[in-house]
Amino acid sequence: MVLDSVMPGPHEERLGVFERLGGAEARDIARRYWDGEDVQDGWERVCLPLYSRRADGDPDAQDRLARIRWNRDVIELFRRALAARFDPWPHLNRVVCPTPVMNGGDDPVATVSAARRLAAALPDGATELHVLPGTGHGVFREDPDRGIELRRGAGQHGTAAGVTVRVVIQIMAFRWVILPRQHPDSGGKQL
C-alpha cells in the first residue's frame, strides 16, 4: 500500500502553506473556501494551481481539469460535515503491510506535519516517510520517476513506463471524478 499526499493538515497550517506559496490572496480564498463560502472560481484560479510546484506548471493540469466533473453537493457535504469527523487514527494499527508514506514538501493541503503524524501512527516497521522538497500535492503526478523509485524501494513492483501506479488511499477522491479522454458524457468528442 502506498499513501501519496493523503492526510489533510490542520486548518491554520494549510492556510499558512497557501500564503507562503501564493500570498495573502491565496490564504484568504482558501480560508473562505474551507469556511463554506462560494468562492469556487477564485479557488480554481488562485489556489488549485498552487497544488503543483513543477517548473513546467503541471502540463497535464488543463487536460485533467477539463475532464473533471465536480460533484458540488458532495464537496459541500465534505467541507461542512465529513472533513471535521474524518478520523482514521484509531484504525491505523490494523495496517500490516509495508506502507510508504510520500508527501510533497510544498503540499498546501496534505501538509508535511500531517504526513509525519500519519507515518508515526502506523505500526513500527510498517512505514517509511518520504518528503520530497519542492514537490506539491501528489508525488506520483509531481515527480513520477521519483515516486516509482521510492515505490520500488518499498518492495513494490512497477516501472515508470506503461504501468499505472496504484495509490491505494486518496481520502478525498470521492469529491470528483476524472473522465477518460473520450467518455460518453463528452458527447463523443475528444476531451
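Shown above is the structure to which this text applies.
A short tour of the structure in this document, coming up. Everything numeric in this text was worked out from a predicted model, so none of it was measured.

## Overview of the overall build of the protein chain
Step number 1: Looking only at helices and strands, one finds seven helices and five strands in the protein chain.
Step number 2: Seen in sequence order, the protein chain has helices and strands lined up from the N terminus as β-α-α-α-β-α-β-α-β-α-α-β.
Step number 3: A total of 191 residues make up the protein chain; the buried ones form 41% of that total.
Step number 4: Long-range pairs, those at least 24 residues apart, make up 71% of the contacts in the protein chain with a sequence separation of at least 6.
Step number 5: Surface summary for the protein chain: the accessible area is close to 10,400 Å², and the carbon and sulfur share equals 51%.

## Thoughts on the pairing of strand 3 (residues 99-104)
Step number 1: Most of strand 3 is tucked away: six of the six residues are buried.
Step number 2: The side-chain alternation of strand 3 yields two buried faces, one formed by Thr99, Val101 and Asn103 and the other by Pro100, Met102 and Gly104.
Step number 3: Sheet topology note: the strand 1 (residues 3-4)/strand 3 ladder contains two bridges and is parallel. Its bridge partner being in strand 3, aspartate 4 is matched across the sheet by methionine 102.
Step number 4: After leaving strand 3, the chain enters helix 5 (residues 112-121) and then returns to the sheet as strand 4 (residues 127-132), a path that is right-handed.

## A few points about the nonpolar core
One recurring pattern in soluble globular proteins: nonpolar side chains tend to sit buried together.
Step number 1: Phe18, Ala30, Trp34, Trp43 and Cys47 are the most contacted members of the largest nonpolar core, which totals 18 residues.
Step number 2: At the level of secondary structure, the elements contributing two or more residues to this core comprise helix 1 (11-34) and helix 2 (40-47).
Step number 3: In terms of residue count, helix 1 provides more of this core than any other element does, nine residues in total.
Step number 4: Ignoring sequence-local partners within four residues, the contact set of cysteine 47 consists of Phe18, Ala26, Ile29, Ala30 and Gly42.
Step number 5: Counting residues in each nonpolar core, the second largest holds eleven residues, with Leu3, Val95, Leu118 and Ala119 among its members.

## Side note on helix 5
Step number 1: Those residues of helix 5 not exposed but buried are Val112, Ala114, Ala115, Leu118 and Ala119. Looking straight down helix 5, one finds that the buried residues subtend no more than 160° of arc, so they occupy a single side.
Step number 2: In this fold, the buried residues of helix 5 make contact with strand 1, strand 3 and strand 4.

Scoring rules and cut-offs
Residues numbered from 1 in each chain as written. Predicted model: local features only at pLDDT ≥ 70, side-chain atom pairs only at ≥ 80, totals over all residues. Heavy atoms only, no water. Helix = DSSP H or I, 4+ residues; strand = E, 2+ residues; numbered from the N terminus. Buried < 20%, exposed > 50% of the residue type's maximum accessible area, 1.4 Å probe, protein only. Contact = heavy atoms within 4.5 Å. Areas by Shrake-Rupley, 256 points an atom, 1.4 Å probe, with all protein chains shown as cover. Pairing = 2+ DSSP bridges. Right-handed = clockwise from strand over helix to strand, strands pointing away. Core = buried A, V, L, I, M, F, W, Y, C linked by side-chain atoms within 4.5 Å. Arc of directions from axis to C-beta.

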